[in-house]
Amino acid sequence: QVQLVESGGGLVQAGGSLRLSCAASGITFNRYHLGWFRQAPGKEREFVAAIRKRGDIASYAESVKGRFFIARDNARNTVHLQMNSLRPEDTAVYSCAASLVGGLGPDEYDHWGQGTQVTVSS
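No experiment lies behind these values; they were computed from the predicted model shown.

Enquirer: Honestly, unusual backbone geometry in this entry has me stumped. Any pointers?
Expert: Glycine aside, the phi torsion of most residues is negative, and most peptide linkages are trans. Phi at Asn-77 is positive, roughly 55°, even though this residue is not glycine. On the secondary structure map, Asn-77 appears in the loop between strand S7 (68–73) and strand S8 (78–83). The class of Asn-77 is partly exposed, set by a relative accessible area of 25%. A positive phi angle is found at Ser-85, which is not glycine, with a value near 50°. Inspection of the secondary structure assignment puts Ser-85 in the loop between S8 and strand S9 (92–99).

Enquirer: Honestly, the nonpolar core in this entry has me stumped. Any pointers?
Expert: If you look at soluble globular proteins, the nonpolar side chains tend to sit buried side by side. Judged by nonpolar contacts, the single largest core of 34 residues is most densely connected at Trp-36, Val-48, Phe-68, Leu-81, Met-83 and Tyr-94. Mapped by element, the contributors of at least two residues to this core are strand S3 (18–25), strand S4 (33–39), strand S5 (46–51), S7, S8, S9 and strand S11 (116–121).

Enquirer: What should I look at first to understand the pattern of salt bridges in this one?
Expert: For side chains bearing opposite charge, pairing can occur when the charged atoms are close. Applying the stated criterion across every chain, the model contains six salt bridges. Between Arg-38 and Asp-90 there is a salt bridge whose closest N-O contact spans 2.9 Å. One end of the pair, Arg-38, is in strand S4; the other, Asp-90, is in the loop between S8 and S9, and 52 residues separate them in sequence. Accessibility classification places Arg-38 together with Asp-90 in one group, the buried group. Close ionic contact of Asp-56 with Arg-52 constitutes a salt bridge, the shortest N to O distance being 3.3 Å. A single salt-bridge network, built from bridges that share partners, covers Arg-38, Glu-46, Arg-67 and Asp-90.

Enquirer: Would you take a moment to explain the state of the cysteines for this structure?
Expert: Note on terminology: disulfide describes a covalent bond linking the sulfur atoms of two cysteines. Summed over the entire model, instances satisfying the criterion amount to one disulfide. The disulfide bridge from Cys-22 ends at Cys-96, spanning 1.9 Å between sulfur atoms. Residues Cys-22 and Cys-96 are joined by a disulfide whose S-S torsion is about 50°; by sign, that bridge is right-handed. With Cys-22 in strand S3 and Cys-96 in strand S9, this residue pair connects regions lying 74 residues apart in the sequence. Looking at Cys-96, the relative accessible area reads 0%, which means it is buried.

Enquirer: Teacher, can you tell me more about the sheet that holds S8 here?
Expert: Pairing within the open sheet is antiparallel, and its four strands lie in the order S1-S3-S8-S7. A strand with exactly one partner marks an edge of an open sheet, and here the two such strands are strand S1 (3–7) and S7. Neighbouring strand axes in the sheet, compared pairwise and without regard to direction, differ in orientation by 15° on average. Judged from the six bridges that link them, S7 and S8 form a sheet pairing that is antiparallel. Note on S8: the bridge partner recorded for Asp-73 is Thr-78.

Cut-offs applied
- In this convention, every chain numbers its residues from 1, walking through the sequence in written order.
- It should be noted that, the model being predicted, local features are given only for residues of pLDDT at least 70 and side-chain atom pairs only at 80 or more, the latter also being counted only at that level, while totals for whole chains, interfaces and linings use all residues.
- For side-chain calculations, the full set of non-hydrogen atoms in the structure is used, while hydrogens and water are omitted.
- Each helix corresponds to a stretch of at least 4 residues labelled H or I by DSSP, and each strand to a stretch of at least 2 residues labelled E; elements are numbered beginning at the N terminus.
- Relative accessibility thresholds used throughout: buried, under 20% of the residue-type maximum; exposed, over 50%; partly exposed, between the two (1.4 Å probe, protein chains only).
- Buried Ala, Val, Leu, Ile, Met, Phe, Trp, Tyr and Cys residues that are joined via side-chain atoms within 4.5 Å together make up what is termed a nonpolar core.
- Salt bridge, as used here, is a side-chain nitrogen of Lys or Arg placed within 4 Å of a carboxyl oxygen of Asp or Glu.
- In this description, a disulfide is simply a cysteine sulfur pair whose atoms lie within 2.5 Å.
- A pair of strands is treated as paired once DSSP finds two or more bridges between them.
- Between the N-to-C directions of two axes lies an angle of 0 to 180 degrees, each axis being a line fitted to C-alpha atoms and, for a helix, fitted only over the stretch in contact.

Right, here's the structure in full:
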């Protein structure tokens, strides 16, 4: 069974940091591009960051560029999202996803985790 399991979410004050992790199993990890998406209540799922299979190139949404950083450890089948300078508008459920093709759209991803809640207070 394919599993992507996120961890590291929680409550943090504006300006603080959180590090999210996603552990994958049931897939050949290094064949997949990895992405992070988020969804706030009443809003559509939004692209946050993605990293290619080899970990050589990363992409970020403009809203998080310079604040969030994605990294993967293919030896441990894990991808991370370091989130700095958090803002209340970053509050959302954050999900990791895996894609054979890669891209910035949710429809391009084949497998999804259950999500972890990030709440940023003002």
